[in-house]
Amino acid sequence: LHESVSVKDFGAVGDGVTDDSAAFTDALASGATRIFIPRTASFYLVNTPVSIPASVQIIGIDRPVIKSTVAGTRIFGGNGLTGVTIDGVCFDSAGSSTVPTSLYSSVAAVNCGLVTLYNCTNVRITNCRFTNFYNGLSVVKCSTVWVTNNEVSNWYVYGILGSLCSRAFFDYNNVQTCDFAGAGNAYGIMVTGDQAGGNTSDTTSISNNFIKGVKSWDGLMTHDITRLKVIGNVIEDCRVGIDVGHFDVTNVIKSVVVEGNIISLTSTDTWAGAGASHNGIAVIGFDATHQCERVSIIGNQVDNFGAMTGAVLSGTPSPYGLQHIRNLTVTGNQVTGAGSVNVSTGMFLVGTLNNVTITGNNFNGT
């Protein structure tokens, strides 16, 4: 047994023609704790999903490319693992619009990414690239998670999905060009929780990411997570910049900070005049009795709100849409270059709001 092995030790070729699925499976099943993947002039063809074992580091040397040419096929997956690292690997596939079919039975189809990890602990996905798939990366029911410094492009629903995770950090990622077209929901980064379903989701950071090109819906969406930081993200060409929600009466959202984000909204109405939400930053509690608590909206900038010709807006359309919140501070925020879409305000506060402080905000535009 060797502590470190290369996939080439098990016959991987990486010529873009030979199917290296068996070589990758054998390397990961070898018991080695470090699996190296050297870069080749072409790519490693992996058309059969490969299972990741526990306590393994998968390390790309000089950014190798692994590609599946079978539409809808995941490349790496793991279930119930502890201690998984994937660093410096580029994952590519046949296209973004085909729903994957080879999934863990307990994970819905929309929860599959080129790499999908389920019910894992101590997960690190860093310096990787994900392109041309239904989702880029999916981590589901995982705890102690670092998803940092990754690139995602040409996905269909979720660029990065962190569902039912806790102690999770989704920081410094570059997420661009969603391929979903028309009216419907798609997301650059989506991180969700559900204490009511027995999945406590707390202590989460979604910070310092660059997100661009989700014209139909949310650049960054999160719901039902307490102790949440959304700080320093740059979000461009999205219908909604940041959406923080509270979707279950038995969940609790407390201690939310949305600070220092720079958002420039899309001018394209992919909904073709159908009613849909439109916000720079939205924080919405469940109802008058079940409010978000201790929310700070500080030093954010929203540009190009209300510039979609012919758009029909619903919900709380505004650069800042805030609803059902207890202990709310809104200070030092800006609106620049706002357009003239009807039924919009610079800041829309609605529903039951208690102990609210609004100071030093600046609104500029039509």
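For the structure, see preceding data.
Each chain has its residues counted from 1, running along the sequence as written. Note on the predicted model: pLDDT of at least 70 is required for a residue's local features to be given, and 80 or more for side-chain atom pairs to be given and counted; whole-chain, interface and lining totals, by contrast, use all residues. As a rule here, side-chain values come from all non-hydrogen atoms in the structure, and water together with hydrogens is ignored.

## Considering unusual backbone geometry
Then, number 1: Residue L164 is not a glycine yet carries a positive backbone phi of 60 degrees.
Then, number 2: Structurally, L164 can be placed in the loop between strand 14 (151-163) and strand 15 (166-171).
Then, number 3: The phi angle at Y172 is positive, at roughly 60 degrees, despite the residue not being glycine.
Then, number 4: Here Y172 shows up in the loop between strand 15 and strand 16 (174-178). Put simply, DSSP H or I for four residues or longer makes a helix, DSSP E for two residues or longer makes a strand, and each gets a number counted from the N terminus.

## What about a nonpolar patch on the surface?
Then, number 1: Exposure above 30% relative accessible area and no salt bridge define the residues that can form patches, which grow by joining like charges within 9 Å and nonpolar side chains of Val, Leu, Ile, Met, Phe, Trp and Tyr within 5 Å. Note on areas: these come from Shrake-Rupley sampling with a 1.4 Å probe, and a residue is covered only by the protein chains present in the view. Take a side-chain nitrogen of Lys or Arg and a carboxyl oxygen of Asp or Glu: if they are within 4 Å of each other, that pair is a salt bridge. Residues L349, V356 and I358 make up a contiguous nonpolar surface patch of about 200 Å² in total accessible area.
Then, number 2: Examined against the element boundaries, I358 turns out to sit in strand 33 (residues 347-359).

## Brief notes about the packing of aromatic side chains
Then, number 1: Stacked, tilted and edge-to-face are the three classes applied to pairs of Phe, Tyr and Trp rings, where Trp contributes its six-membered ring and a pair requires centres within 6.5 Å; stacked means planes under 30 degrees apart, edge-to-face means over 60, and tilted covers the rest. Evaluation of the coordinates by the stated rule reveals 9 aromatic pairs.
Then, number 2: Look at F24 and Y44: their rings are 5.4 Å apart centre to centre, the planes differ by 75 degrees, and that puts the pair in the edge-to-face class. Separated by 20 residues along the polypeptide, F24 in helix 1 (residues 21-28) and Y44 in strand 3 (residues 44-45) bring together distant segments of the chain. The burial state of F24 is the same as that of Y44; both residues are buried.
Then, number 3: Arranged with centres 5.6 Å apart and planes meeting at 35 degrees, the rings of Y134 and Y156 form a pair that is tilted. Here the residue Y134 occupies a position in strand 12 (residues 129-140), and Y156 occupies one in strand 14, the gap between them amounting to 22 residues.
Then, number 4: The rule is simple: take the accessible area with a 1.4 Å probe, protein chains only, and divide by the maximum for that residue type; under 20% is buried, over 50% is exposed, in between is partly exposed. The exposure class of Y134 is buried, given its relative accessible area of 8%.
Then, number 5: Here the aromatic residues F24, Y44, F76, F91 and F130 are joined through ring pairs into a cluster of three or more.
Then, number 6: The residue whose ring lies beneath K67 is F43, and the NZ or CZ to ring-centre distance is 5.5 Å. We call a charge positioned above a ring when the Lys NZ or Arg CZ atom is no farther than 6 Å from the ring centre and deviates by at most 35 degrees from the ring normal.

## Thoughts on the pattern of salt bridges
Then, number 1: Across all of its chains, the model carries 7 salt bridges by this definition.
Then, number 2: K67 is paired through a salt bridge with D92; the nearest N and O atoms lie 3.9 Å apart. In this pair, K67 is assigned in strand 6 (residues 65-67) and D92 in strand 9 (residues 90-92), connecting sequence segments 25 residues apart.
Then, number 3: As a salt-bridge pair, K212 and E236 come within 4.0 Å of each other at their nearest N and O atoms. Of the two residues, K212 sits in strand 19 (residues 210-212) while E236 sits in strand 22 (residues 234-238), which places them 24 residues apart along the sequence.

## Brief notes about the environment of A282
Then, number 1: Mapped onto the elements of the fold, A282 is located in strand 27 (residues 279-284).
Then, number 2: Along the sequence, A282 and L228 sit 54 residues apart, while their C-alpha atoms lie 14 Å from each other.
Then, number 3: Other than its neighbours up to four places away in sequence, A282 contacts I242, D243, V244 and G321. The contact criterion used is simple: two residues touch if any of their non-hydrogen atoms lie within 4.5 Å.

## Examining the nonpolar core
Soluble globular proteins: nonpolar side chains tend toward being buried together.
Then, number 1: In this text, buried Ala, Val, Leu, Ile, Met, Phe, Trp, Tyr and Cys residues form a nonpolar core when linked through side-chain atoms within 4.5 Å. Among the nonpolar cores identified, the biggest contains 85 residues, and F24, I66, F76, I86, F91 and L117 are the most heavily contacted of them.
Then, number 2: The leading source of residues in this core is strand 31 (residues 318-331), at 5 residues.
Then, number 3: Ignoring any residue separated from it by four or fewer positions in sequence, one finds I86 in contact with I52, I58, F76, F91, V115, R124, I125, T126 and C128.
Then, number 4: Counting 10 residues, the second largest nonpolar core, distinct from the first, contains Y158, L161, M221 and W271.

## Description of the pairing of strand 24 (residues 254-259)
Then, number 1: Two strands pair if DSSP finds at least two bridges between them. In this structure, strand 21 (residues 226-231) lies alongside strand 24, joined through 4 bridges in parallel fashion. Counterpart to L228 in the pairing with strand 24 is V256.
Then, number 2: Alignment of strand 24 against strand 28 (residues 292-298), held across 5 bridges, turns out to be parallel. Bridged to V258 within strand 28 is I297.

## Looking at the environment of S4
Then, number 1: Along the polypeptide, S4 turns up in strand 1 (residues 4-6).
Then, number 2: Residue classification places S4 among the partly exposed residues on the basis of a relative accessible area of 28%.
Then, number 3: For the pair S4 and R124, spaced 120 residues apart in sequence, the C-alpha to C-alpha distance is 18 Å.
Then, number 4: Apart from the residues lying within four places of it in its own chain, the contact partners of S4 are A32, R34 and F36.
Then, number 5: Any pair of N or O atoms that falls within 3.5 Å is considered a polar contact. Within protein, one atom must be able to donate a hydrogen and the other to accept it, and sequence-neighbouring residues count only if both atoms are side-chain atoms. Of the polar contacts made by the side chain of S4, one reaches the side chain of R34; its length is 3.0 Å.

## Here's the deal with helix 1
Then, number 1: Among all positions of helix 1, only S21, A23, F24, A27 and L28 are buried. Down the axis of helix 1, the buried set is contained in an arc of 165 degrees. They therefore lie on one face. Arc, as used here, means the arc of the directions from the helix axis to the C-beta atoms.

## Here's the deal with the side chain of T204
Then, number 1: Note that T204 resides in strand 18 (residues 202-207).
Then, number 2: By relative accessible area, T204 is classed as buried at 2%.
Then, number 3: Within polar-contact distance, the side chain of T204 engages the backbone oxygen of D202 at 3.5 Å.
Then, number 4: In this structure, T204 is in contact with C165, A168, F170, V191, I225, R227, L228 and K229, ignoring residues within four places of it in sequence.

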